Amino acid sequence: MSNNKRKTNNTNRENVLNELLNELDEETKYNSANGGYGESTDIFVNNISNALSKIESNGVEKTDVDSGKAKPKKKNGFYFAFAVVVIVMAVVGIVSTVIFTVNSIRDLASSNSLMEEYTRFLLPVVANDTAPFDSENELSNTAKINCSIWNIMLNHDTSLYKLSDTGEMLIPEYDVEYSCKEIFGTSSGLIHRTVGSTDMRFSYDSEKHVYSCVKDLRYLSYVPVITEMTKSDGIYTLTVDYYSPSVRFLSENMGIEESAEKTMKYIISRYDGKNTLVAVQFTSDIDMD
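Thresholds, definitions, all that
- As a convention, each chain's residues are numbered from 1 in the sequence order in which they are written.
- Reporting of local features is limited, given that this is a predicted model, to residues whose pLDDT is at least 70; pairs of side-chain atoms are given and counted only at 80 or more, and all residues count toward the totals for whole chains, interfaces and linings.
- No hydrogens and no water enter the side-chain calculation; it runs on all heavy atoms of the structure.
- Each helix is a run of DSSP H or I of at least 4 residues and each strand a run of E of at least 2, with the numbering of both proceeding from the N terminus.
- Working definition: with a 1.4 Å probe on protein chains only, accessible area under 20% of the residue-type maximum means buried, over 50% means exposed, and in between means partly exposed.
- Contacts are assigned to residue pairs that have any heavy atoms within 4.5 Å of one another.
- Per-residue accessibility takes into account occlusion by the displayed protein chains alone, with areas from the Shrake-Rupley method and a 1.4 Å probe.
- Whether two strands pair comes down to DSSP finding at least two bridges between them.
- For helices, the fitted line uses only the C-alpha atoms of the stretch in contact; every axis is such a line through C-alpha atoms, and the angle between N-to-C directions lies from 0 to 180 degrees.
- What a helix is expected to span follows from its residue count: subtract one and scale by 1.5 Å.
- Arc definition: directions from the helix axis to the C-beta atoms.
- Oblique is the label for every angle not falling under 35 degrees (roughly parallel), over 145 degrees (roughly antiparallel), or within 65 to 115 degrees (roughly perpendicular).
- Residue polarity is assigned by list, with Asp, Glu, Lys and Arg as charged and Ala, Val, Leu, Ile, Met, Phe, Trp, Tyr, Cys and Pro as nonpolar; anything else, Gly included, falls into the polar class.
- By the criterion applied in these results, polar contacts are pairs of N or O atoms within 3.5 Å in which, for protein atoms, one can donate a hydrogen and the other can accept it, and in which residues neighboring in sequence qualify only through two side-chain atoms.
- Any carboxyl oxygen of Asp or Glu that lies within 4 Å of a side-chain nitrogen of Lys or Arg is treated as forming a salt bridge with it.

S.K.: Explanation requested: the overall build of the chain in the structure shown.
M.R.: A tally of regular secondary structure across the chain gives 7 helices and 8 strands. Looking at the chain residue by residue over its 289 residues, the buried ones come to 32%. Long-range pairs, those at least 24 residues apart, make up 59% of the contacts in the chain between residues at least 6 apart in sequence. Taken as a whole, the chain presents about 18,000 Å² of accessible surface, with 52% of it coming from carbon and sulfur.

This is how it looks when you write it as structure tokens:
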């Protein structure tokens, strides 16, 4: 009879272990499908605890009615429970490592995505080599018009704009005003006028309330490369290197060593996913502060 009981106990232990492994398999499938470790992990841990309780109870044989004596707990039950605990600890370690790795990759991807967003955001300002300022009110009206139109041409869909008889693109003044607010904040404003030089001139028609400009960009003074980004209470401070587009192209495609022509600090306020350029400063100004 004792052999039958031992077989029964061993069978029970195997059943408990199978249940435990099935729980682990289901947990893994759940996390893979949902991309996270949430409430199901707690359920899994509780099931582990219950499983260990079953193992402990199955390790002790019931009282022999005929002899009136209780048989002692078998050592193999203890070893089996210990093995299960080791397996559980290993699983928990693996799960923790996976969570840490996934979070690290997510944070890195988020940071890279934000830097790409800021590179596009700053491109119109860097391309115009905008003079340093600590407040939007210090920025000249000409600089704001130039940045606003370049923002439309570089970061917006221009396919729906009409063309003049000479083939120039016509941009409504209200689009230029909206573009200005996109960069410098909702309180910024413009006084519409013709700006630019012979190479890149934005002519303003006060009767039609449109700007006319060449459809295709021919020249950029600089392109930005963000080398450092820090955050404090929704304010981002970016270190931005200025490169000539031709030098940057040669560096990326031919492996030629490059060096920045200058470096500036950009202060950006970010709220509810929207950016506002607060200031442009020389790096020495930041160091002195």
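S.K.: Looking at this model, I keep getting lost on the sheet that holds strand β4 (residues 210-213). Mind explaining?
M.R.: Strand pairs in the sheet, formed through backbone hydrogen bonds, run parallel or antiparallel to each other. Reading across from one edge, β1-β4-β3-β2 is the order of the 4 strands in this open sheet, with antiparallel pairing throughout. Looking at strand neighbours, the two that pair on one side only are β1 (169-172) and β2 (195-196), the edges of this open sheet. Looking at chain direction, β1 and β4 are connected through 4 bridges and run antiparallel. Each residue of the ladder has a partner; that of methionine 169, found in β4, is cysteine 213. Packing of helix α5 (residues 173-184) onto the sheet brings it into contact with β1, β3 (201-205) and β4, and relative to β1 it is tilted by some 65°.

S.K.: Teacher, can you tell me more about α5 here?
M.R.: Along an α-helix, residues three or four positions apart point the same way, because every turn accommodates 3.6 residues. Here α5 is 12 residues long and its end C-alpha atoms lie 16 Å apart, about the 16 Å a rise of 1.5 Å per residue gives. Restricting attention to buried positions, one finds in α5 the residues Glu173, Val176, Ser179, Cys180, Ile183 and Phe184. Within α5, the buried residues cover an arc of 115° as seen down the axis, which keeps them to one side. Exposed positions of α5 whose direction lies more than 90 degrees from the buried face are Tyr174 and Tyr178. Looking one or two residues past α5, glycine 185 carries a phi angle of roughly 105°, positive in sign.

S.K.: Looking at this structure, how should I read the environment of aspartate 216?
M.R.: Relative to the helices and strands, aspartate 216 resides in the loop between β4 and β5 (223-232). Residue aspartate 216 is classed as exposed on the basis of its relative accessible area of 56%. Distance in space between the C-alpha atoms of aspartate 216 and glutamate 168 is 9.2 Å, their sequence separation being 48 residues.

S.K.: Hey, could you run me through the packing of helix α4 (residues 141-155) against α5 in this one?
M.R.: How two helices pack is summed up by the angle between their axes together with the distance between the axes. Following both chains from N to C, one finds α4 and α5 inclined at 100°, their axes separated by 8 Å at the closest point. Taken together, α4 and α5 sit at an angle that is classed as roughly perpendicular. Along its contact with α4, which presents Lys144, Cys147, Ser148, Ile149, Asn151 and Ile152, the element α5 presents Asp175, Val176, Ser179, Cys180, Glu182, Ile183 and Phe184. Here the contact of α4 with α5 is composed, by residue class, of 7 nonpolar, 3 polar and 3 charged.

S.K.: What is the right way to look at unusual backbone geometry in this model?
M.R.: The bulk of non-glycine residues show a negative phi, and the bulk of peptide bonds are trans. The residue aspartate 129 is not glycine, and still its phi comes out positive at about 50°. Relative to the helices and strands, aspartate 129 resides in the loop between α3 (75-127) and α4. Since its relative accessible area comes to 31%, aspartate 129 is described here as partly exposed. Its identity is not glycine, yet aspartate 233 carries a phi of approximately 55°, on the positive side.

S.K.: Looking at this structure, how should I read the side chain of lysine 144?
M.R.: Considering the arrangement of structural elements, one finds lysine 144 in helix α4. The exposure class assigned to lysine 144 is buried, which follows from its relative accessible area of 8%. At 2.7 Å, the side chain of lysine 144 and the side chain of glutamate 136 are in polar contact. Not counting residues within four places of it along the chain, the set of residues in contact with lysine 144 comprises Glu136, Leu139, Cys180, Phe184, Gly189 and Leu190.

S.K.: Can you help me understand the sheet that holds strand β6 (residues 235-243) in this one?
M.R.: Ordered in space as β5-β6-β7-β8, the 4 strands form an open sheet in which the pairing is antiparallel. Of all strands in the sheet, those bounded by a partner on one side alone are β5 and β8 (274-282). Averaged over all pairs of adjacent strands, the angle between strand axes in this sheet comes to 25°, irrespective of strand direction. Relative to β6, β5 runs antiparallel, the two sharing 9 bridges. For threonine 230, the partnering residue across the bridge sits in β6 and is threonine 237.

S.K.: Even after reading the chapter, I still don't get the pairing of β4, so can you show me in this structure?
M.R.: In β4, alternate side chains face the same way, and those of Val210 and Ser212 on one face and Tyr211 and Cys213 on the other are all buried. When β3 meets β4, the two strands line up antiparallel, connected through 3 bridges. Along β4, the bridge assignment pairs aspartate 205 with valine 210.

S.K.: Quick question: what am I supposed to make of the pattern of salt bridges here?
M.R.: Pairing between side chains of opposite charge can happen when the charged atoms of each approach one another. Enumeration according to the criterion identifies 3 salt bridges in this entry. Salt-bridge contacts for lysine 262 lead to aspartate 129; the nearest nitrogen and oxygen are separated by 2.6 Å. Linking lysine 262 in strand β7 (residues 262-271) with aspartate 129 in the loop between α3 and α4, this pair joins segments that are 133 residues apart in sequence. In this structure lysine 262 comes out as partly exposed when scored by relative accessible area, which is 26%. Between glutamate 136 and lysine 144 there is a salt bridge, and its shortest N-O distance comes to 2.7 Å. Here glutamate 136 matches lysine 144 in class, with each residue buried.

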